[in-house]
Amino acid sequence: MKIVHVSSEQVPLIKTGGLADVMGALVRHTASRGHDVICFLPLYRVIQESEAFKKAQKLHSLAITVGDESLVGEVYRLKLAKHLDIYLVGRDEFFDRTFPYGPKHRDYSDNDARFIFFCKAVVDTLVLENIHADILHCHDWQTALVPVFSRVEEAQTGIQVSARSLLTIHNLAFQGIFPEKSFQLTNLPASFYGIDSLEFYGQVNFLKGGIFFSDAITTVSPNYAKEILLPENGCGLEGVLVRRQDDLYAILNGIDADSWNPLKDTLIVAQYSARNMKGKAENKIELLKMTGLAGDKDTPVFGIVTRLTDQKGIDFILKQKSFLSKNEVRLIVLGKGDLKLEQGLKKLQKQLPEKVYLSFEYDEVFSRVIEAGSDFFLMPSRFEPCGLNQMYSQRYGTIPLVTCVGGLVDTVIDIDENSEEGTGIVFEPNEAGLKKGLHRSLKLFEDKARLKAIRKRGMARDFSWKIAAIEYEDLYKQVLSGESQAHNP
Ligand code: ADP
Ligand code: GLC
């Protein structure tokens, strides 16, 4: 099959969160199964400045109509592996910037124009380069207008852009919602600004358009696929998703088991495996040294690596001062994001400087040392479409403490609920739930034999992409052979 992926992040070129990890691994696995894979990304500054980009070849220039303007851009091609090409859509005004979406605590005010330009450039390139994709697979709101624009292109020109399209929702909380006036930037017929199309409570919603116009919609864990059909988690789109329910699928994310492998990871201090855990203890000592926190092998260390947003339940952690003061534990946080959450964490650290360490950087190396060196990994998310760190933790022999939401439910089994198979501690998404989980983890920490067994069990689990890549492939085949129920212009 010829499969085109469109996303706004992909390792190793650009990453702000889990989407990048998922894209990097998914496309590599699909290509290694013999399919021709083309990926589209915006040509961000970090990509333009990367070593990899030096090998890119300019394909063509484009003139894209965005509202009243005709905006020029360029498309480059970069060969990443056999069967795997990256197409980079460049326009310096939009993408030669420090951040992909906006400076630290806010979005760029022209994100509507930036991603409309990107989506239109993708469709134009698919036509110009005669790509004729079997599957056009888009990810999240930044690319959700691609299926809309491609249907319109097909209706207007009679040229097929792709046989079928898919939209994967990695996080329904981000929908690409813009003021009504942004609609004119799409140049779509006025009928598209309607309740059955892009209109959403008087605004424009890119993701909503993608849900209606894609042949299939997927999300990243079975439990999240159920949750988003309900008002509590549907973020206002539950009605739209219920209407497309027959075409809504769930494929659980995998992890890149080669990259996230404690036996091969060169970013950590000492490599280790389930058979020889000596290296894990060395990473713990290194982690304590790096953070300047006192402690030894008998001091329970809790790690967290996360975007600092409401989603991640950081405020539940802020309320654990009494647990942290009463117990001889350490808390190490690596996170970037909301200012108010940074401030809250700083306050906690000031009250307990000998127990809490904070870094507000984006730091890949430190994130791996935390995974390897911590005893427990905290993910008290309010909601979590899938989550990757709980899988990385299990692979690194670190016990995940997770809430009973989204993909966390699909990937972590509670040690009390199933003592034969449990690999983590699962709790309710609130302050009391986290407190209970923390106390349970201390009890487990005292029982060294059980702790060891649970760590090993986690390390033995297979979260690799092998399974998910085949599931996507099967879904592509199914969608290709079935009738389309998507909206048509
Ligand atoms: P989300 O995509 O919602 O942020 P995931 O758990 O799917 O959550 O993926 C987050 C990814 O981003 C993980 O690979 C995690 O290690 C990484 N990450 C998040 N914050 C940081 C940070 N400050 N430094 C390094 N890596 C980070
Ligand atoms: C999103 C979600 C996260 C998921 C990731 C990759 O960022 O918040 O739960 O793991 O996408 O699909």
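Preceding block: the structure.
Residues numbered from 1 in each chain as written. Chains lettered and ligands numbered in written order. Predicted model: local features only at pLDDT ≥ 70, side-chain atom pairs only at ≥ 80, totals over all residues. Heavy atoms only, no water.

Chemist: Hey, could you run me through unusual backbone geometry in this one?
Modeler: With the exception of glycine, most residues fall at negative phi, and the peptide bonds are largely trans. A cis amide bond links V11 with the next residue in sequence, P12, at an omega value of 5°. Within the secondary structure, P12 sits in the loop between β1 (2–6) and α1 (18–32). Not every positive phi belongs to a glycine, and N130 is a case in point at roughly 50°. For N130, the location among the structural elements is in the loop between α4 (111–128) and β6 (133–139). Taking the relative accessible area as the measure of exposure, N130 reaches 52% and is therefore exposed. Despite not being glycine, C235 has its phi angle at roughly 50°, a positive value. C235 gets classed as partly exposed once you look at its relative accessible area, which sits at 35%. (Helix = DSSP H or I, 4+ residues; strand = E, 2+ residues; numbered from the N terminus. Buried < 20%, exposed > 50% of the residue type's maximum accessible area, 1.4 Å probe, protein only.)

Chemist: Just to check I follow, could you spell out the site of ligand 2 for this structure?
Modeler: What surrounds ligand 2 is a group of 13 residues, the closest being H170, N253, E384, C386 and G387. Within the side chain of N253, an N or O atom sits 2.8 Å from an oxygen atom of ligand 2. Side-chain polar atom of Q311 to an oxygen atom of ligand 2: 3.2 Å apart, as the coordinates give it. Coverage of ligand 2 by the protein chains reaches 92% of its 310 Å² of free accessible surface. Considering every element that reaches the shell around ligand 2, the biggest residue donor is α1, with 3 residues. Split by residue class, the shell around ligand 2 holds 5 nonpolar, 6 polar and 2 charged. No fewer than three residues from each of domain 1 (2–254 + 466–481) and domain 2 (278–461) sit in the shell around ligand 2. (Near = heavy atom within 4 Å. Polar contact = N/O pair within 3.5 Å; in protein donor to acceptor, adjacent residues only side chain to side chain. Areas by Shrake-Rupley, 256 points an atom, 1.4 Å probe, with all protein chains shown as cover. Nonpolar A, V, L, I, M, F, W, Y, C, P; charged D, E, K, R; others polar. Domains from an automatic or database assignment.)

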